[in-house]
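Chains, contacts and geometry: an overview
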Amino acid sequence: MNERSVSHAYGADDPGLPSPLAATDIRHTLREQSRNAFANAEPRLRPTVPAAVRRWKLWLLTVCAIYPTIVLLGLATNPVLEDLYLPVRLAVLVPVAAAVMVWQINPRLQRHFGAWLTR
């Protein structure tokens, strides 16, 4: 097979198809455009790593928040739960106190004391 028949078989002589040189030029142009797009793109901001929370401060804040929570819940539920044994009373109080701490008290305390917790 000669060179002319090979190029004809791959459409090099067909006016509707790009020649191999034109395809190379297109790839080169696209490559340059993508390089320019990356060079002109806005720099990405790196995600910030949150500062480490001092565990002793978090413990202190939790103790200061959970003590009044448990006392108030105990006083509020005492008329209803006073006839129950202590383990049963605690089985009711602890999940309620934990839910109040997780969804109500802790988010507010961490918002208010966040800077102090990481110092």
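Coordinates for the structure precede this section.
Residues numbered from 1 in each chain as written. Predicted model: local features only at pLDDT ≥ 70, side-chain atom pairs only at ≥ 80, totals over all residues. Heavy atoms only, no water.

**Considerations on the overall build of the chain**
Across its full length, the chain holds four helices and zero strands. Taken over 119 residues, the chain has a buried fraction of 10%. Sequence separation of 24 or more characterises 67% of the internal contacts of the chain that already satisfy a separation of 6 or more. Split by element, the accessible area of the chain, about 10,400 Å² in all, is 64% carbon and sulfur. (Helix = DSSP H or I, 4+ residues; strand = E, 2+ residues; numbered from the N terminus. Buried < 20%, exposed > 50% of the residue type's maximum accessible area, 1.4 Å probe, protein only. Contact = heavy atoms within 4.5 Å. Areas by Shrake-Rupley, 256 points an atom, 1.4 Å probe, with all protein chains shown as cover.)

**Concerning the packing of aromatic side chains**
Tallied over the full model, the rule gives two aromatic pairs. Aromatic side chains W56 and W116 sit 6.2 Å apart centroid to centroid with 75° between the ring planes, which places their arrangement in the edge-to-face category. Placement of the pair is W56 in helix α3 (residues 55-81) and W116 in helix α4 (residues 86-118), with a sequence separation of 60 residues. Ring plane angle 70° and centroid distance 6.3 Å describe the contact between F113 and W116, whose orientation is recorded as edge-to-face. (Phe/Tyr/Trp six-rings, centres within 6.5 Å; stacked < 30°, edge-to-face > 60°.)

**Examining empty space enclosed by the protein**
Per the counting criterion, the structure on display carries one cavity of 30 Å³ or more. Within this model, the largest cavity holds a volume of roughly 30 Å³. Taken together, L58, L61, T62, N106, L109 and Q110 make up the full set of residues lining the largest cavity. Contributions of two or more residues to the lining of the largest cavity are made by α3 and α4. (1 Å grid on protein atoms, 1.4 Å probe; cavity = no way out; pocket = protein on both sides within 12 Å on 5 of 7 lines; lining within 4 Å. Points joined across faces, edges and corners; volume = space filled by probe spheres on them.)

**Considering the nonpolar core**
Counting five residues, the largest nonpolar core consists of L61, A65, M101, L109 and L117. Put simply, the parts of the chain that give this core at least two residues each are α3 and α4. Aside from chain neighbours lying at most four places away, what touches A65 is M101, I105 and L109. (Core = buried A, V, L, I, M, F, W, Y, C linked by side-chain atoms within 4.5 Å.)

**Some points on the packing of α3 against α4**
The N-to-C vectors of α3 and α4 enclose an angle of 145°; their axes lie 8 Å apart at closest approach. In the crossing of α3 with α4, the sense of the turn from one axis to the other is right-handed. For the contact of α3 with α4, the residue count by class is 19 nonpolar, six polar and two charged. (Axes fitted to C-alpha atoms, helices over the stretch in contact; angles between N-to-C directions. Left-handed = near helix turned anticlockwise from the far one by under 90°. Nonpolar A, V, L, I, M, F, W, Y, C, P; charged D, E, K, R; others polar.)

**Some remarks on the side chain of K57**
Inspection of the secondary structure assignment puts K57 in helix α3. Residue classification places K57 among the buried residues on the basis of a relative accessible area of 8%. Polar side-chain contacts of K57 include one of 3.0 Å to the backbone oxygen of W116. Not counting residues within four places of it along the chain, the set of residues in contact with K57 comprises W116, L117 and R119. (Polar contact = N/O pair within 3.5 Å; in protein donor to acceptor, adjacent residues only side chain to side chain.)

**Here we look at α3**
Helix geometry: α3 is bent most strongly at L75, by close to 35°, with proline P79 lying one to four residues after it. By the burial criterion, the buried members of α3 are K57, L61, A65, T69, L73 and L81. Tucked into the core, α3 has its buried residues touching α4. (Bend = angle between axes of the 7 residues up to and from the residue.)

Everything listed is a geometric property; what it means functionally is a separate question.
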